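Observations on the model geometry
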Amino acid sequence: MLLSALVVFFFGSLGPWLNIRSRYYYGVLWGLNGLVQSSGWPTVVAIMGNWFGKESHGVVFGIWSANASVGNIFGALLVSALLPYGFQSAMMAAAFLLFLGAVVNLTCLVEHPSLVGLVSPRDSDSNGPAAAQSSETQHNIQVLPDSSSSLPHSSSSP
């Protein structure tokens, strides 16, 4: 997020202030922003997976993936409120909010519940009632002898 904030600042504020009009400058920044933002998604999936058990992954990730749409709504409201002051101010505000979010993540994000003394959902999944039930089922499985050889054979062919 820090790199994304820096790229947004270079893209929307520094470029116009320095009168940079090169499409290569903006193309490289756009590609770099896509690269750094796409590298964040696997990390989010891994950390969210640490905090929520497998039975709730669908609901949790469904709600979490809505943040892009909600963010677009708030972003549009922010830009429309700051546009009278110039598009550079809107880009600076977006870069500042990205930077602020990155600082909050770096200082407050806990990677795993065990780091704060909580039980991991993955641990509770393997020791919970479902695991006990599956182990009981495994013990009650009986293998029957192959009885296909004792079945009567029909002499007629189709």
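Notes on the structure in this doc start here. As the structure is a computational prediction, the values presented were derived from the model and not from experiment.

**Here we look at the packing of aromatic side chains**
Across all of its chains, the model carries 4 aromatic pairs by this definition. Taken together, a centroid distance of 5.0 Å and an interplanar angle of 85° make the contact between Y25 and Y26 edge-to-face.

**Considering the layout of surface pockets**
Of the pockets and cavities examined, the largest pocket occupies roughly 1,600 Å³. Surrounding the largest pocket, 35 residues form its lining, M1, Q37, N67, L98 and N105 being those nearest its centre. Residue assignment for the lining of the largest pocket shows that the elements contributing at least two residues are α1 (2-17), α2 (23-38), α3 (40-51), α5 (67-82) and α6 (87-108). The element best represented in the lining of the largest pocket is α5, accounting for 9 residues. Each residue belonging to the lining of the largest pocket can be placed in one class, and the counts come to 23 nonpolar, 12 polar and no charged.

**A few points about α2**
Helix length check: α2 (16 residues) gives 22 Å between terminal C-alpha atoms against 22 Å at 1.5 Å per residue, within 8%. Buried residues belonging to α2 abut α1 and α3. Put simply, S22 is the residue that caps the front of α2, since its side-chain oxygen is 3.2 Å from the backbone nitrogen of Y24.

Reading the values: the criteria
- Residues numbered from 1 in each chain as written.
- Predicted model: local features only at pLDDT ≥ 70, side-chain atom pairs only at ≥ 80, totals over all residues.
- Heavy atoms only, no water.
- Phe/Tyr/Trp six-rings, centres within 6.5 Å; stacked < 30°, edge-to-face > 60°.
- 1 Å grid on protein atoms, 1.4 Å probe; cavity = no way out; pocket = protein on both sides within 12 Å on 5 of 7 lines; lining within 4 Å.
- Points joined across faces, edges and corners; volume = space filled by probe spheres on them.
- Helix = DSSP H or I, 4+ residues; strand = E, 2+ residues; numbered from the N terminus.
- Nonpolar A, V, L, I, M, F, W, Y, C, P; charged D, E, K, R; others polar.
- Expected span 1.5 Å × (residues − 1).
- Contact = heavy atoms within 4.5 Å.
- Polar contact = N/O pair within 3.5 Å; in protein donor to acceptor, adjacent residues only side chain to side chain.

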